[in-house]
Amino acid sequence: MKSKIICIAFALISSISIAQSKVGTVDSEYIINLMPETKIVSERSQNYGAKLDSSFTIKVETYKAKIEAFKKNEKTLGELAKQAEYKELAEMEADIKKYQQNGNQLMQLKQDELMRPLYKKLSNAIATVAKAEGYTQILTMTGNEFAYIDTKFDITELVLKNLGIAIPVAEGK
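Just so we're clear, the structure is a prediction, and the values are computed from it rather than from any experiment. (Residues numbered from 1 in each chain as written. Predicted model: local features only at pLDDT ≥ 70, side-chain atom pairs only at ≥ 80, totals over all residues. Heavy atoms only, no water.)

### Structural notes on the environment of Pro168
Position of Pro168 relative to the elements: it lies in the segment after helix H5 (156-163). Expressed as a C-alpha distance, the spacing of Pro168 and Leu34, which sit 134 residues apart in the sequence, is 8.7 Å. Non-local contacts of Pro168, meaning those with residues more than four positions away in its chain, are made with Tyr30 and Leu34. (Helix = DSSP H or I, 4+ residues; strand = E, 2+ residues; numbered from the N terminus. Contact = heavy atoms within 4.5 Å.)

So, in structure tokens, the structure goes:
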């Protein structure tokens, strides 16, 4: 008898705690793409990439010029001078490869740095809407796998409204 009462009490408590939970979803990437600041971030990121590319181009052009000069003077150079030139060219080539690898990492770091304020702003808007609407949990739709989501719990439009971003009208409607 005691075990039946404990099971019933446990089931009752479980159902009460489940009933108090309100879970919603938000398409954060969709919102980020609609934020006006995203265009500014994209422009700044492209400008930074262009600066990196121009530095890279200068390094490559210097390397090519050094190779051309070496080819012209190769026959007149002594063995020690040739070895010194080979070593210098190999170092320049290694420097170019390293610069290229670092450039990719620098681009990613810059992109993250520029996007951080947007994600902070979005996070604050999601928290505001979730509290106002009584949600206990909000899951992002991107990065999570769901078999079924009831769209009535999607707060994407409410967050866009909170941020003052107009929802684009789909073509053909």
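Moving on from the model shown.
### Here's the deal with the nonpolar core
In this structure, Ile31, Met35, Leu122, Ile155, Val159 and Leu163 are the most contacted members of the largest nonpolar core, which totals 19 residues. With eight residues, the top contributor of residues to this core is helix H4 (residues 79-133). Ignoring sequence-local partners within four residues, the contact set of Leu163 consists of Ile31, Met35, Lys121, Leu122 and Ala125. With six residues, the next largest nonpolar core counts Val60, Phe70, Leu89 and Ile96 among its residues. (Core = buried A, V, L, I, M, F, W, Y, C linked by side-chain atoms within 4.5 Å. Buried < 20%, exposed > 50% of the residue type's maximum accessible area, 1.4 Å probe, protein only.)

### Here's the deal with H5
Looking only at H5, the buried set comprises Thr156, Val159, Leu160 and Leu163. Here the buried residues of H5 occupy an arc of 100° about the axis, which is enough to place them on one side. Among the exposed residues of H5, those pointing more than 90 degrees away from its buried face are Glu157 and Lys161. Buried residues along H5 sit in contact with strand S1 (23-26), helix H2 (28-34) and H4. Downstream of H5 by one or two residues, Gly164 has phi in the positive range, about 75°. (Arc of directions from axis to C-beta.)

### Topic: H4
For H4, built from 55 residues, the straight-helix expectation of 81 Å at 1.5 Å per residue is met to within 8% by its first-to-last C-alpha distance of 79 Å. Within H4, the axis deviates most sharply at Met115, by approximately 35°, and proline Pro117 lies no more than four positions further along. After H4 finishes, the residue Gly134 shows a positive phi value of roughly 80°. (Expected span 1.5 Å × (residues − 1). Bend = angle between axes of the 7 residues up to and from the residue.)

### Quick notes on the packing of H4 against H5
Running from N to C, H4 and H5 cross one another at 115°; their axes reach a closest spacing of 9 Å. The element H4 and its partner H5 pack so that their crossing is right-handed. Along its contact with H4, which presents Lys121, Leu122, Ala125, Ile126, Thr128, Val129 and Glu133, the element H5 presents Leu158, Val159, Asn162 and Leu163. Residue composition of the contact of H4 with H5, by class: seven nonpolar, two polar and two charged. (Axes fitted to C-alpha atoms, helices over the stretch in contact; angles between N-to-C directions. Left-handed = near helix turned anticlockwise from the far one by under 90°. Nonpolar A, V, L, I, M, F, W, Y, C, P; charged D, E, K, R; others polar.)

Scope: geometric values only; no functional claims are made or implied.
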